[in-house]
Protein chains: 4
Amino acid sequence: MNDKKRLKVAVIGASGYVGVELVRLLLGHPNVQIKYLTGDSTAGQPVEKVFPHFNGCGLPPLSYLQEVDWEELDVAFFCLPHGAGQEIIASVPRTLRVIDLSADFRLFNVDRYKEWYGKPHAAPDVQKEAVYGLSEIFREPIKNARLVACPGCYPTSALLPLVPLLSSGKISTDGIIIDSKSGISGAGRSGKVANLFAEVDGGFRAYSIANHRHISEIEQTLQAASGMANMQVTFTPQVVPMTRGILSTIYVKLSPEVEFEELREVLEQRYANESFVKLMDGDHAPSTKEVVGTNRCFINIFKNRIRHRAIIVSVIDNLIKGASGQAIQNFNLMFGFREDTGLRQIPVYP
Amino acid sequence: MNDKKRLKVAVIGASGYVGVELVRLLLGHPNVQIKYLTGDSTAGQPVEKVFPHFNGCGLPPLSYLQEVDWEELDVAFFCLPHGAGQEIIASVPRTLRVIDLSADFRLFNVDRYKEWYGKPHAAPDVQKEAVYGLSEIFREPIKNARLVACPGCYPTSALLPLVPLLSSGKISTDGIIIDSKSGISGAGRSGKVANLFAEVDGGFRAYSIANHRHISEIEQTLQAASGMANMQVTFTPQVVPMTRGILSTIYVKLSPEVEFEELREVLEQRYANESFVKLMDGDHAPSTKEVVGTNRCFINIFKNRIRHRAIIVSVIDNLIKGASGQAIQNFNLMFGFREDTGLRQIPVYP
Amino acid sequence: MNDKKRLKVAVIGASGYVGVELVRLLLGHPNVQIKYLTGDSTAGQPVEKVFPHFNGCGLPPLSYLQEVDWEELDVAFFCLPHGAGQEIIASVPRTLRVIDLSADFRLFNVDRYKEWYGKPHAAPDVQKEAVYGLSEIFREPIKNARLVACPGCYPTSALLPLVPLLSSGKISTDGIIIDSKSGISGAGRSGKVANLFAEVDGGFRAYSIANHRHISEIEQTLQAASGMANMQVTFTPQVVPMTRGILSTIYVKLSPEVEFEELREVLEQRYANESFVKLMDGDHAPSTKEVVGTNRCFINIFKNRIRHRAIIVSVIDNLIKGASGQAIQNFNLMFGFREDTGLRQIPVYP
Amino acid sequence: MNDKKRLKVAVIGASGYVGVELVRLLLGHPNVQIKYLTGDSTAGQPVEKVFPHFNGCGLPPLSYLQEVDWEELDVAFFCLPHGAGQEIIASVPRTLRVIDLSADFRLFNVDRYKEWYGKPHAAPDVQKEAVYGLSEIFREPIKNARLVACPGCYPTSALLPLVPLLSSGKISTDGIIIDSKSGISGAGRSGKVANLFAEVDGGFRAYSIANHRHISEIEQTLQAASGMANMQVTFTPQVVPMTRGILSTIYVKLSPEVEFEELREVLEQRYANESFVKLMDGDHAPSTKEVVGTNRCFINIFKNRIRHRAIIVSVIDNLIKGASGQAIQNFNLMFGFREDTGLRQIPVYP
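Along every chain, residues carry numbers that run from 1 in the direction the sequence is written. Naming scheme: in the order in which they are written, chains are lettered from A and ligands are numbered from 1. Totals for whole chains, interfaces and linings use every residue, but because this is a predicted model, local features are given only for residues with pLDDT of at least 70 and side-chain atom pairs only at 80 or more, for both listing and counting. Excluding hydrogens and water, the side-chain figures rest on all heavy atoms present in the structure.

### Brief notes about the overall build of chain A
At step 1: Under the DSSP-based scheme used, a helix requires at least four consecutive residues in state H or I and a strand at least two consecutive residues in state E, with every element numbered from the N terminus. Counting secondary structure elements, chain A contains 11 helices and 14 strands.
At step 2: We take the radius of gyration over the C-alpha atoms and set the globule estimate at 2.2 Å times the residue count to the 0.38 power. Over its C-alpha atoms chain A spans a radius of gyration of 20 Å, differing by no more than 12% from the 20 Å that the globule rule assigns to 350 residues.
At step 3: With respect to the principal axes defined by its C-alpha atoms, chain A has extents near 60 × 45 × 45 Å.
At step 4: Burial analysis of chain A (350 residues in total) assigns 67% to the buried set.
At step 5: Only heavy atoms enter the contact rule, under which two residues are in contact if any of them lie within 4.5 Å. Once local pairs closer than 6 in sequence are excluded, the contacts in chain A between residues at least 24 apart make up 68%.
At step 6: Every accessible area reported is derived by Shrake-Rupley at a probe size of 1.4 Å, with residue values counting cover from the shown protein chains alone. Entry remark: accessible area of chain A is about 11900 Å², with carbon and sulfur atoms responsible for 47%.
At step 7: For chain A, the distance from the average position of its 37 positive side-chain charges to the average position of its 37 negative side-chain charges is 2 Å. Residue exposure (1.4 Å probe, protein chains only): buried if accessible area is under 20% of the type maximum, exposed if over 50%, otherwise partly exposed. Under this rule, positive means Lys or Arg and negative means Asp or Glu; His and the chain ends count for nothing. Lys charges are placed at NZ, Arg charges at CZ, Asp charges at CG and Glu charges at CD.

### Looking at the interface of chain C and chain D
At step 1: The partner chain D presents 46 residues to the 46 residues of chain C that form the contact.
At step 2: Note on terms: buried area is the combined drop in 1.4 Å-probe accessible area of two parts once they are placed together, counting the loss on both. Interface area, chain C with chain D, both sides summed: about 3700 Å², of which 57% is carbon and sulfur.
At step 3: The term salt bridge refers to a side-chain nitrogen of Lys or Arg lying within 4 Å of a carboxyl oxygen of Asp or Glu. For Glu219(C), the salt bridge goes to Arg305(D), with nearest N and O atoms at 2.8 Å.
At step 4: We call two N or O atoms a polar contact when they sit within 3.5 Å, provided that within protein one can donate a hydrogen and the other can accept it, with sequence-adjacent residues counted only if both atoms are side-chain atoms. At the surface where chain C touches chain D, the tally comes to 24 residue pairs in polar contact (both at pLDDT 80 or more).
At step 5: Contributions of two or more residues to the side of chain C that touches chain D are made by β8 (177-183), α8 (197-200), β9 (205-206), α9 (214-226), β10 (234-240), β11 (246-253), β13 (297-303) and β14 (309-316) of chain C.

### Focus on the interface of chain A and chain D
At step 1: Counting from both sides, the interface comprises 30 residues of chain A and, opposite them, 30 residues of chain D.
At step 2: Across the chain A to chain D interface the summed buried area is about 2400 Å²; carbon plus sulfur atoms make up 67%.
At step 3: For the interface between chain A and chain D, the tally reads 9 residue pairs in polar contact (both at pLDDT 80 or more).
At step 4: No other element matches the 5 residues that helix α1 (residues 17-27) of chain A contributes to the side of chain A that touches chain D.
At step 5: Residues were grouped as follows: Ala, Val, Leu, Ile, Met, Phe, Trp, Tyr, Cys and Pro as nonpolar; Asp, Glu, Lys and Arg as charged; and all remaining residues, including Gly, as polar. Residues that form the side of chain A that touches chain D fall into these classes: 15 nonpolar, 6 polar and 9 charged.

### Re the nonpolar core
At step 1: By size, the foremost hydrophobic cluster in this structure holds 100 residues, and its most contacted members are Phe77(B), Phe331(B), Phe77(D) and Phe331(D).
At step 2: Not counting residues up to four positions away in its chain, the partners in contact with Phe331(D) are Leu7(D), Val9(D), His29(D), Asn31(D), Val32(D), Val75(D), Phe77(D), Ile99(D) and Phe337(D). The term nonpolar core refers to a set of buried residues drawn from Ala, Val, Leu, Ile, Met, Phe, Trp, Tyr and Cys, joined through side-chain atoms within 4.5 Å.

### Some points on the sheet that holds strand β11 (residues 246-253) of chain D
As a general point, the strands of a sheet are linked pairwise by backbone hydrogen bonds and lie either parallel or antiparallel.
Residue and element names in this part refer to chain D.
At step 1: The mixed open sheet is built from 7 strands, whose spatial order is β9-β10-β8-β11-β14-β13-β12. Each edge of the open sheet carries a strand with a single partner, namely β9 (205-206) and β12 (277-279).
At step 2: For two strands to be treated as a pair, DSSP must find no fewer than two bridges joining them. Pairing of β9 with strand β10 (residues 234-240) involves 2 bridges; the strand directions are antiparallel. Across the sheet, residue Ala206 finds its bridge partner in β10, namely Gln238.

### Let's talk about the confidence of the model for chain A
At step 1: Confidence in the prediction for chain A averages 97 pLDDT; 99% of positions are at 70 or higher.
At step 2: We note a pTM of 0.98 for the whole complex and an ipTM of 0.97 for its interfaces. Each residue gets a pLDDT score, which is the predictor's confidence in that residue and runs from 0 to 100.

### Here's the deal with the relation of the copies chain A and chain D
Each of the two chain copies can be generated from the other by rotation about an axis followed by a shift along it.
At step 1: The two copies are related by a screw operation: chain A maps onto chain D through 180 degrees of rotation and 0.0 Å of translation along the axis, at an RMSD of 0.0 Å. One copy is carried onto the other by what is essentially a two-fold rotation axis.
At step 2: In this assembly the copies share their binding face: 100% of the residues contributing to the interface of chain A also contribute to that of chain D. A least-squares fit on C-alpha atoms brings the copies together, and the residues used are those whose pLDDT is at least 70 in both copies.

### Some thoughts on the domain arrangement of chain A
For an interface, size is often stated in terms of accessible area lost upon the parts coming together.
Residue and element names in this part refer to chain A.
At step 1: Split into domains, chain A comes out as domain 1 (7-151 + 321-335) and domain 2 (154-318).
At step 2: A C-alpha centroid distance of 24 Å is found between domain 1 and domain 2.
At step 3: For the pairing of domain 1 and domain 2, the buried interface totals around 2400 Å² over both sides, and the portion due to carbon and sulfur atoms is 53%.
At step 4: When residues of domain 1 are sorted by the area they lose upon contact with domain 2, Tyr17, Trp116 and Lys321 head the list and together hold 28% of the total.
At step 5: Where domain 1 touches domain 2, the interface holds 3 salt bridges.
At step 6: Residues Glu217 and Arg106 are paired through a salt bridge, measuring 2.7 Å at the closest nitrogen-oxygen approach.
At step 7: There are 16 residue pairs in polar contact (both at pLDDT 80 or more) connecting domain 1 and domain 2.
At step 8: Of all the secondary structure elements, the ones that give two or more residues to the side of domain 1 that touches domain 2 are α1, α4 (110-117) and α11 (320-335).
At step 9: By residue number, the principal contributor to the side of domain 1 that touches domain 2 is α11, which donates 6 residues.
At step 10: Classifying every residue of the side of domain 1 that touches domain 2 by side-chain character gives 13 nonpolar, 7 polar and 7 charged. These domain boundaries are the output of an automatic or database domain assignment.

### Notes on a negative patch on the surface
At step 1: The grouping of Glu259(A), Glu261(A), Glu265(A), Glu268(A) and Asp281(A) at the surface amounts to a negative patch.
At step 2: In this structure, Glu268(A) sits in helix α10 (residues 260-271). Residues qualify for a patch when their relative accessible area is over 30% and they have no salt bridge, like charges being joined within 9 Å and the nonpolar side chains of Val, Leu, Ile, Met, Phe, Trp and Tyr within 5 Å.

### A few points about the sheet that holds strand β14 (residues 309-316) of chain B
At step 1: Taken in spatial order, the 7 strands line up as β9-β10-β8-β11-β14-β13-β12 (chain B) in an open sheet, and their pairing is mixed. Bordering the open sheet on either side are β9 (205-206) and β12 (277-279) of chain B, each of which pairs with just one other strand.

### Quick look at the pairing of strand β5 (residues 97-100) of chain C
Residues and elements named next belong to chain C.
At step 1: A two-sided burial pattern is seen for β5, the buried positions comprising Arg97 and Ile99 on one face and Val98 and Asp100 on the other.
At step 2: Sheet topology places strand β4 (residues 75-78) next to β5; 4 bridges connect them, and they run parallel. Bridged to Phe77 within β5 is Ile99.
At step 3: When the strands point away from the viewer and the path from the first strand over the helix to the second turns clockwise, the crossover is right-handed. Between the parallel pair β4 and β5, the chain is carried across by helix α3 (residues 86-91), and the sense of this crossover is right-handed.
At step 4: Both β5 and strand β7 (residues 147-149) contribute to a ladder of 3 bridges, which runs parallel. When the bridges of β7 are listed, Ile99 appears paired with Val148.

### Here we look at the environment of Ile209(B)
Residues and elements named next belong to chain B.
At step 1: Looking at where Ile209 falls in the secondary structure, it is placed in the loop between β9 and α9 (214-226).
At step 2: Residue classification places Ile209 among the buried positions, given a relative accessible area of 10%.
At step 3: Considered as a pair, Ile209 and Gln238 are 29 residues apart in the sequence and their alpha carbons are 8.8 Å apart.

### Digging into the packing of aromatic side chains
At step 1: Each aromatic pair joins two rings of Phe, Tyr and Trp (for Trp, the six-membered one) with centres within 6.5 Å, and gets the label stacked for planes under 30 degrees apart, edge-to-face for over 60, and tilted for any other angle. One pass over the full model with this rule turns up 44 aromatic pairs over all chains.
At step 2: Taken together, a centroid distance of 5.1 Å and an interplanar angle of 45 degrees make the contact between Phe331(A) and Phe335(A) tilted. With Phe331(A) and Phe335(A) both in helix α11 and 4 residues apart, this pair spans about one turn of that helix. Each member of the pair Phe331(A) and Phe335(A) is classed as buried.
At step 3: Pairing Phe197(B) with Phe197(D) gives two aromatic rings, centres 5.0 Å apart and planes at 10 degrees, and the pair type is stacked. Residue Phe197(B) is found in helix α8 (residues 197-200), and its partner Phe197(D) is found in helix α8 (residues 197-200); the two belong to separate chains. Here Phe197(B) and Phe197(D) have matching classes, each one buried.
At step 4: Ring-pair connections join several aromatic residues into one group, and the members of that group are Tyr17(A), Phe51(A), Phe54(A) and Tyr349(D).
At step 5: Over a ring means this: the NZ of a Lys or the CZ of an Arg is within 6 Å of the ring centre and within 35 degrees of the ring normal. The aromatic ring of Phe335(A) is capped on one face by Arg97(A), whose charged end is 4.9 Å from the ring centroid.

Rendered as structure tokens:
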């Protein structure tokens, strides 16, 4: 593709944290022209009015969904609340490529969708076209997809290390525990008392223990990787008093007669040539600060004192690799741009 | 004991975070008269000079250890760095009762001490007298102890739920995983770059994966509770960008033919009459904010989706129930005061 | 008054941050029996359900205002939103003493009330009875008041140093600038996007520049202290990414022929015998951390390089000395208890 | 200059916060090739070892100052502690252009330097060459300078609004008060107890009241702008519990017969065509979050209730516009690149 070409894009649902972050990243992408930003409650206002940090960025005003001329677009990014996008995506022209950042098209089995999301899928036919957008794992199908369903933030942090280990058969499908900790931006930009500064500051808490919806996409992907249709995982999401970042601590058992070093090798080889996913050297335990503001996933794996067990630490920025950055990575794959175009940020430290 | 009696106490090592917190709590204890506060680098200064928040509290000045007249005292609290107190405690008059908040006397087996702390124990004979000061579990021996070794912060949060479950035989000794998250005050009041605000703020990280020294006291206590001399646990400590509080997420397997509800009952009964340890109702996942500033431990236990597994959440204030508060609770036991004397704080919320 | 007497109190509006803090402090007051806690949206629930940190405190359930039997009470604390309490307070039995923590009765001139609060005062006759509850300044009238209107948080921090300096004539009424910084709990416990953790964390901002309502009570009190009916001040409120605490930096000019040391002496003498207000020694600039969790106000005054000018720094806990603590201090004055009863906390540090 | 040319640069003192941030920004500059990174205590190590977030960035290792081949370089950025660079800069080849981020060459009058920094200037001859690197104000002399002394962080935030207002004669030189609040990264990356997370978290404090060294460069620049050799300002620096950002609240008096709107116009016209400095519309009070991570300075000016007075709010990122970003802006000016090359970041929000 011509390096100078600018594709016409819309961000549907641009006033949540995922949408805003996507807009920021798209502004730095050389092959993108932002045509529409929609926002229900914010429509009609200049973006700079709602988000003063966009002052001077030359963005179009926030508009209603109804004002979008889909024919004009090359691609639409959907950042709507879960459940709100299925019917809309079913109705857009079939020539439009769609990157959905919600959970609406992540589960291939619509019965499973109903089970976890509590209502029937509104666009089961469109679901069939969807590719799960975990970029490093499903790179080839993503390239040709019309509709990419970007993974959730927690699943991204857990699947990147677990998929190669399970595919290779080096770890057991039994007893995998994913203990995840997230910054509060994952809870979104709505005015809930529980997410007030005074409530979150100085405290740490778990929530949705053993029943968080992200379990469904984690298991779907791990079942495919392992070939074990019934494998289950334990997943505990927790809130850290920080704005961004996810760290997942993952406890696994080695398969019989596998040595710890083999696990390290699997990850090393799998991610040696990736731009964004990196296995750390030695015993460095990565911090979320090493990836915040970037599309990176840093991983390390540690030998447990207890025989045949290992501990994995994986960190991402929940809004970037866990949402908007991975969406752009998928966009680059779909349209033939270099995979890291617009995604070469380095963390803002300290 | 006469309610109005004031015992003469010294705080040895009063200028670290544990020492300072102990002083604050002792100031509110009706049966205590603070005679000495020692601090190596701060000796000779008024406490208010180093810690302006003690302004107006009428405390004695910070002094050198050498200035302490041990004969004058009823009890001494030691808050020295690990390893610094063994010889001093061995040398004080045998009539003096000692409450040690360091790791110096926590491990009954001095070989194990050497293995985990990297040097021989300097007072192996005194070690024989020491009682492990986990108040709710070792209440009776603590009452008569001359030397109480207060538990570490992480162990306190993990042992309170695990000991009754293992003692009752309801959970398996195999595969226990303790994933703990702590505020940064646990790292102490020394000027390390890694603990600067700019380094800790906005980040989450693990450290000492599979080799933290607290493993030794956790395993020592769980081995005693279960009667399994070789049982091992997985323990991962992690740093949260907050000042105080520990939350431990603990993954356990049920013993064969045990139902989940039996675990709940064990904890319910064990802690029904305790002042500080509480099993939460229903599915409330306790937050560290519910215990910070108090001597409480809030616990809840959750059924896992995966058969025969459960998840426990336990929260404490690392500097209070995990250090200074438990030390005072032990002091109350040793001297016959009501166990919650000086420890009836309610969390400062929000 | 008999030390053991327990007065019957109600907290009207117990589920905001000010109400919750008041309940915590009242629980530690030996002469108080809490009879009612009301909360509009929370009525009917156990307090522990809404505020788990009150677990085990033995509080009455949250109830509707209509359920309060006023006749049964000795005193009622009102923590309602501004404007919501005037009519209710006008309707309670005249034998009931009332401590109002809202702005409803702070302005003696009801025209001024209308000007700043945008609507007519609903109980102008009751207003006449109200005493402005800045405890150290209006101690005598507070003792006999039926209705005490507790000051706002910002005004408390500014007035305590300024009133004695103006009364003494040592500083000019002209050009006083109060630059105040507050933790976000001052904004209350309602789910506003601007107060979300992700919005407040890592940022500092000013608001209501030159038009914040607290200007009205600051000027009312300074006009009385100086005898200058028209004196005006500049006041800038700002939000700090922390939960509690206010620091006010106050810029003043010395009156002609006054030396800096005279200002220091005025403050020194004025507050020498106060329990809560303290002038710091030397050049120590007090931090909010030295007062958070307490009813204290720490003040220091600094000579400016520029002739005849001085800089004052004043710190309080906005929810305690700036609200609930001062309310209890006033309660103690009104009912003849020692002024610091229930208010002897030391800051939780670190 | 050829757009593709890459100049050879060294960062002297690359392991403090200013140095690290400079390296991050230089990595994104298309016309820069980083040849050396020096760091005293870190020399000999790969950068990624000390700063894991630079993993994969292809940087040279940290080296000793002595290893730098100055002849090879086009430009050197000095990020050494104050006082450490004067002799070194005096000794480098005169063909090398130098951008100094310390205070070493900011004061043109070496007597004033001695007075504020407590020791004689070590390179008074080199001082004569130095240009004060406040980019928007001294753009022309910067272009041709061999040595640019970049302003301090606080001065940058204060001078950008004040210089045009004073130059235009619209505000009085008398009684200017600059009340500044900074994130803790301004205190640098050394292990001081006062800067620990547990000390800074949840607190706000002032320091160096009326005697901070930045006063000297603020007054030097304002004296030049106003033509009043003796004008003085009041300046109060304060620490906010956040990592980055400065907000200065500035109190000014209007000159006789000047109307408020004239001040607004002066700023509007002065900064209408600047890339980085922006006057906000209407009554929007800018937050530090709107500029953090960027080279921006957002300013707004507010009419005071008190006649003939105004209040200015100015925000920058202390490490970017207040240090490394402005250094690169000056580099762009000195070498003829577009002024915003490498500096087009948008804030990471939330």
